[in-house]
Amino acid sequence: MKVYITTAATGRGFSIEAGIADGVRNFDHHHKWSANPAPCRDERIPAVPEGSVVEITHLDADTFVGLLRMAGRPVPGVDLFLMEQIDLNGSSVCSDRFNPTLLYMVGVGELARGLKFPRPSTEGPVDVSELVEAMMAKTTEEIIEIGRDATERSETAYADCRVAISPSGRVGFWAIGPTDPLDPSRPYTDGVEAVIVYRSHYASISIYCSPTSPLQFGGETVAGILFVGHPKAAGSPHGQAMIEGDARRVFEEIAEKVG
């Protein structure tokens with residue numbers, strides 16, 4: 001199959017988490033399709049015919065397992081229901097930071113970054129088939145070990161990449177690069193409810209909110225930027241390059257609002 005990363009599915013083939021859901025060729029569980037299962041555990045996803053076009057807008061563990069299903073490959077032998085819950089609510093729903101499912105999810109992210117997996121381009125779809133195939137060549141055990149190594153290094157990133165904390169301690173701002181394995185849910189254990197993460201390698205901003213907090217920013221405009229995605233895990237628009245100064249403005253506006 002040919003996999004393309006794009007800002008939104010065009011409907012020309014199949015898609016995973018790309019803004020269309022019909023339960024036949026296109027599978028998503030965001031926004032109005034939130035009642036659908038996450039692709040990682042959606043058994044409706046078919047093995048697609050050879051040469052089929054598959055569109056995605058990002059690559060995380062949930063999307064990756066959906067692609068494994070479309071490629072006719074075995075799904076990883078981890079807890080896919082837990083994977084869905086972590087995808088929806090962040091890693092704080094799993095108290096064991098070395099749980100194999102969580103390590104697998106971290107490993108997928110690390111593997112994608114190591115391969116320099118691109119963000120969508122406003123100039124059109126980008127063929128990422130070879131990168132996806134390289135990821136699929138890794139065994140579940142290899143991906144888990146990649147995640148284990150990243151998790152052991154994440155505490156360093158948590159301390160070194162912290163840019164600012166609001167006076168109340170409820171809002172935090174981290175800026176990371178491609179080799180910084182920050183777990184965005186890690187600050188929740190220290191009382192941070194809203195976590196702003198700037199990723200220089202993707203020129204993107206994300207806002208994560210603790211599942212126990214009333215805060216959520218998906219679908220809201222903050223500092224002039226519309227954040228899209230889940231209510232509690234939203235990002236700057238695909239295809240728009242952000243700078244760290246934009247992320248600081250987001251942090252400052254939320255900090256002023258929250259206290």
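Scroll up for the structure.
Scope of this entry: the structure provided in the associated data block. Quick caveat, the model's predicted, so the values are computed rather than measured.

This part covers the overall build of the protein chain. Helix and strand counts for the protein chain stand at six helices and 13 strands. Looking at the protein chain as a whole, 53% of its 259 residues qualify as buried. Long-range pairs, those at least 24 residues apart, make up 56% of the contacts in the protein chain with a sequence separation of at least 6. Counting every atom, the protein chain has about 11300 Å² of accessible surface; 51% of that belongs to carbon and sulfur. The protein chain carries 23 positive and 35 negative side-chain charges, and their two centres are separated by 2 Å.

This brings us to the pairing of strand S7 (residues 171–176). Across the six residues that make up S7, a large majority, six, are buried. Judged from the three bridges that link them, strand S6 (residues 162–165) and S7 form a sheet pairing that is antiparallel. Its bridge partner lying in S7, Arg162 is registered against Trp174. The loop that links S6 with its antiparallel partner S7 comprises five residues; one of these, Gly169, has a positive phi angle of about 80°. Across six bridges, S7 lies against strand S8 (residues 194–199) in parallel orientation. If you follow Ile176 over to S8, its bridge partner there is Arg199.

What follows is about the sheet that holds strand S2 (residues 14–16). Taken in spatial order, the five strands of this open sheet run S3-S2-S4-S1-S5, and their pairing is mixed. The outermost strands of the open sheet, each flanked by one partner alone, are strand S3 (26–27) and strand S5 (126–127). Sheet topology places strand S1 (residues 2–5) next to S5; two bridges connect them, and they run antiparallel. Considered in S5, the bridge of Ile5 is made with Val126.

Throughout the structure, instances matching the rule amount to two aromatic pairs. Ring centres 5.6 Å apart and planes at 15° place the aromatic pair Tyr158 and Trp174 in the stacked group. Of this pair, Tyr158 sits in helix H5 (residues 140–160) while Trp174 sits in strand S7, placing them 16 residues apart in sequence. With relative accessibility at 7%, the residue Tyr158 sits in the buried group. You can call Trp174 buried: its relative accessible area is 0%. Ring centres of Phe173 and Phe251 lie 6.0 Å apart, and the angle between their planes is 25°; on these two criteria the pair is classed as stacked.

For the rest of this paragraph, the subject is the side chain of Thr151. Along the chain, the position of Thr151 falls in helix H5. Excluding its chain neighbours within four sequence positions, the residues that come into contact with Thr151 are Arg97, Phe98, Leu103 and Val106.

What follows covers the nonpolar core. In terms of nonpolar packing, the biggest core is built from 38 residues, with Phe64, Leu67, Met83, Tyr104 and Phe117 touching the most fellow members. Going through the elements one at a time, S1, S2, strand S4 (53–56), helix H1 (61–70), helix H2 (80–89), helix H3 (100–114), helix H4 (129–136) and H5 are the ones with two or more residues in this core. For Met83, the contacting residues outside a window of four places in its chain are Cys40, Ala61, Asp62, Val65, Val78, Thr101, Tyr104 and Met105. Counting residues in each nonpolar core, the second largest holds 25 residues, with Ile196, Tyr198, Cys209 and Ile254 among its members.

On to the sheet that holds strand S9 (residues 204–209). Read across the sheet, six strands follow the order S6-S7-S8-S9-S13-S12 without closing on themselves; strand pairing throughout is mixed. On the outer flanks of this sheet lie S6 and strand S12 (228–230), each paired with one strand and no other. The sheet shows a mean angle of 15° between the axes of neighbouring strands, taken without regard to direction. For S9 and strand S13 (residues 233–235), the ladder comprises three bridges, and the chain directions are antiparallel. Of the residues in S13, the one forming a bridge with Ile207 is Ala234. Against the sheet, helix H6 (residues 244–258) engages S6, S7, S8 and S9, with an angle of about 170° to S7.

Attention now goes to the environment of Thr179. Within the secondary structure, Thr179 sits in the loop between S7 and S8. Classification of Thr179 by relative accessible area gives exposed; the value is 60%. In this structure the C-alpha to C-alpha distance between Thr179 and Gly219, which are 40 residues apart in sequence, comes to 29 Å.

One side chain can pair with another of opposite charge once the charged atoms of both are near each other. What the rule picks out here adds up to 14 salt bridges. Linking Glu55 and Arg12 is a salt bridge whose minimum nitrogen-to-oxygen distance equals 3.4 Å. Remark: Arg12 occurs in the loop between S1 and S2 and Glu55 occurs in strand S4; sequence separation between them is 43 residues. Glu55 gets classed as buried once you look at its relative accessible area, which sits at 1%. Residue Arg12 is classed as partly exposed on the basis of its relative accessible area of 46%. When the shortest N-O distance is used, the salt bridge between Arg170 and Glu193 registers 2.9 Å. Of this pair, Arg170 sits in the loop between S6 and S7 while Glu193 sits in the loop between S7 and S8; the two residues are 23 residues apart in sequence, bridging distant segments of the chain. For Arg170, a relative accessible area of 26% translates into the label partly exposed. The class for Glu193 is buried, based on a relative accessible area of 18%.

So, how was this worked out
- Residues numbered from 1 in each chain as written.
- Predicted model: local features only at pLDDT ≥ 70, side-chain atom pairs only at ≥ 80, totals over all residues.
- Heavy atoms only, no water.
- Helix = DSSP H or I, 4+ residues; strand = E, 2+ residues; numbered from the N terminus.
- Buried < 20%, exposed > 50% of the residue type's maximum accessible area, 1.4 Å probe, protein only.
- Contact = heavy atoms within 4.5 Å.
- Areas by Shrake-Rupley, 256 points an atom, 1.4 Å probe, with all protein chains shown as cover.
- Lys, Arg positive; Asp, Glu negative; His and termini not counted.
- Charge placed at Lys NZ, Arg CZ, Asp CG, Glu CD.
- Pairing = 2+ DSSP bridges.
- Phe/Tyr/Trp six-rings, centres within 6.5 Å; stacked < 30°, edge-to-face > 60°.
- Core = buried A, V, L, I, M, F, W, Y, C linked by side-chain atoms within 4.5 Å.
- Axes fitted to C-alpha atoms, helices over the stretch in contact; angles between N-to-C directions.
- Salt bridge = Lys/Arg side-chain N within 4 Å of Asp/Glu carboxyl O.

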